[in-house]
Amino acid sequence: MHDIRLVRQDPEGFDAAMARRGLEPVARQLVAQDASRRAALQAFEAKQARRNALAREIGQAKRSGTDSSALEAEGAALRDEIAALEAEAQALDAAMKGVLEGYPNILDADVPEGRDESANVVLHQHGEPSRPDFTPRQHFEIGEALGLMDFASAAKLAGSRFTVLRGALARLERALGQWMLNLHTEQHGYVEHTVPYLVNAATVYGTGQLPKFEEDLFRTTDGRYLIPTAEVPLTNLARDEIIPEAALPYRFTALTPCFRSEAGSAGRDTRGMLRQHQFQKVELVSITRPQDSDAEHERMTGCAERVLTELGLVWRRVFLCAGDTGFGAARTYDLEVWLPGQQAWREISSCSNCRDFQARRMNARMKPAEGKGNLLLHTLNGSGVAVGRALIAVLETHQQADGSVLIPEVLMHWMGGAERIGPA
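It should be emphasised that the depicted structure is a prediction, and the values quoted were computed from it without experimental measurement. Numbers given for residues are sequential positions, taken from 1 along each chain in its written order. In keeping with the model being predicted, local features are shown solely for residues with a pLDDT of at least 70 and side-chain atom pairs are shown and tallied solely at 80 or more, while totals for entire chains, interfaces and linings include all residues. Side-chain descriptors were evaluated using all non-hydrogen atoms of the structure, hydrogens and water having been removed beforehand.

Colleague: Kindly report on the overall build of the protein chain, identifying the contributing residues and their values.
Modeller: On a plain count of helices and strands, the protein chain comes out with 13 helices and 17 strands. With respect to the principal axes defined by its C-alpha atoms, the protein chain has extents near 105 × 45 × 45 Å. Taking all 424 residues of the protein chain together, 48% fall into the buried category. Charge counting follows a simple rule: Lys and Arg are positive, Asp and Glu are negative, and His as well as the terminal groups are ignored. A charged residue contributes its charge at one atom only: NZ of Lys, CZ of Arg, CG of Asp or CD of Glu. Measuring between centres, the 48 positive side-chain charges of the protein chain sit 3 Å from its 57 negative side-chain charges. Numbered from the N terminus, helices here are DSSP runs of H or I no shorter than four residues, and strands are runs of E no shorter than two. Here's how the labels work: a residue is buried when its accessible area is under 20% of the maximum for its type, exposed when over 50%, partly exposed in between, all with a 1.4 Å probe on protein chains only.

Colleague: I'd love a proper account of the sheet that holds strand S14 (residues 375-376), names of residues and values included.
Modeller: Any two strands between which DSSP finds at least two bridges are classified as paired. Overall, mixed pairing links the three strands, which are arranged S7-S13-S14 in an open sheet. The open sheet is flanked by strand S7 (242-244) and S14, the only strands paired with a single partner. Strand direction decides the pairing type here: strand S13 (residues 365-367) and S14, joined by two bridges, are antiparallel. Across the sheet, the residue bridging to Arg365 is Leu376, located in S14.

Colleague: Hey, could you go over helix H12 (residues 387-397) for me, with residue numbers and the actual values?
Modeller: In terms of residue burial, H12 counts as a mostly covered element, since 10 of its 11 residues are buried. Buried within H12 we find Val387, Gly388, Arg389, Ala390, Leu391, Ile392, Ala393, Val394, Leu395 and Glu396.

Colleague: Got a sec to walk through the packing of aromatic side chains? Specific residues and values, please.
Modeller: The aromatic pairing rule takes the rings of Phe, Tyr and Trp, using the six-membered ring of Trp, and pairs them if the centres are within 6.5 Å, calling planes under 30 degrees apart stacked, those over 60 edge-to-face and the rest tilted. The final tally for this structure, using the stated rule, is six aromatic pairs. Residues Phe319 and Tyr333 carry aromatic rings whose centres are separated by 5.4 Å and whose planes lie at 65° to one another, so their mutual orientation is edge-to-face. Here the residue Phe319 occupies a position in strand S10 (residues 315-319), and Tyr333 occupies one in strand S11 (residues 331-339), the gap between them amounting to 14 residues. Residue classification places Phe319 among the buried positions, given a relative accessible area of 7%. Judged by its relative accessible area of 4%, Tyr333 is buried. On the basis of an interplanar angle of 65° and a centroid distance of 5.4 Å, the ring pair of Trp338 and Trp345 is categorised as edge-to-face. The exposure class assigned to Trp345 is buried, which follows from its relative accessible area of 19%. Clustering of aromatic rings is evident, with ring pairs tying together Phe213, Phe327 and Phe357. Taking NZ or CZ as reference, Arg317 lies 4.7 Å from the ring centre of Tyr333, over its face. To sit over a ring, a charge needs its Lys NZ or Arg CZ within 6 Å of the ring centre and within 35 degrees of the ring normal.

Quick look at the structure:
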């Protein structure tokens, strides 16, 4: 969400920022709309002031025995004018808000230029893709051969883009989520939360999914939404709050199912578990002072990187370019993992600094320890990491020539001490 006052102060700068995302100039139109809105508001306030003055004059006239009929007639006429002006001001204000909320966050100056993922910049890489002496298989081939991954049954139960896991793979998925959650709470300082999986429209609006991306959400018959990620409820814990500076930063985490309609992804990743309507994810959310969000972004990304390192995966950090950065983010690092079966890098975590973009939508503020007034908070979110994609990466990375899969050492405790997964 943008502050129209900032657009008025620097319309050329706003247009330049939107142009980096491939959008046409709009600031002059916004400023003109804002002028109409402010004019209507000023007229409304002037009429209100006159009505208040009239009330005092009528009272004085009655106390002195003077005829007040003309003043009362003027007051009656003002009531209708004020109602009309108030409705106009509210309509113009809602229209302005509707336009502003449709524009993405302003990117940081150092975000790489580019229209799509081909312009993303690899910052560093951990490990090198292995060269096994056998032809590595993709995760769904491994899972089906083990008899532990069942897409046909899932399609019977729910349709496409669902998976049934059984036995050791179901346990491995549970182990990944529990291990990640313990890592982030015990060693990275995040506070575990259990949150609603169904949230109201105000909550989804606060993090930017509404109104622009409603088609990506599942909506229930009573107007609630299934969460696309725990970022939504976790970040909104700060909505309409004024948080003392001394209490910050807040670091929250949750392991939840996530629900996405995958609108617009027809034909993409139709096989396997890469793009599902329902999946598990460990989410990381930070709420910070404005001056701390850059350092917090690096810290959060490092927490997600540790997950991948301890699972024995080959990964890299990628700085997303202007055209590939999400709607609410000012900057984003993607973590990509090497999948030997696909012979490709695939995103497994995305860590974003949203600065005050979400906080303005949520009215989430900080009370400074010194000075007057309140400041908008900065919000950050990241995957720490997507459990299903971690499962895919473990299967493809640690597969063996005989079809079995070695279990990463950090997960053996959660797997009852087992060292490998073989056929059911």
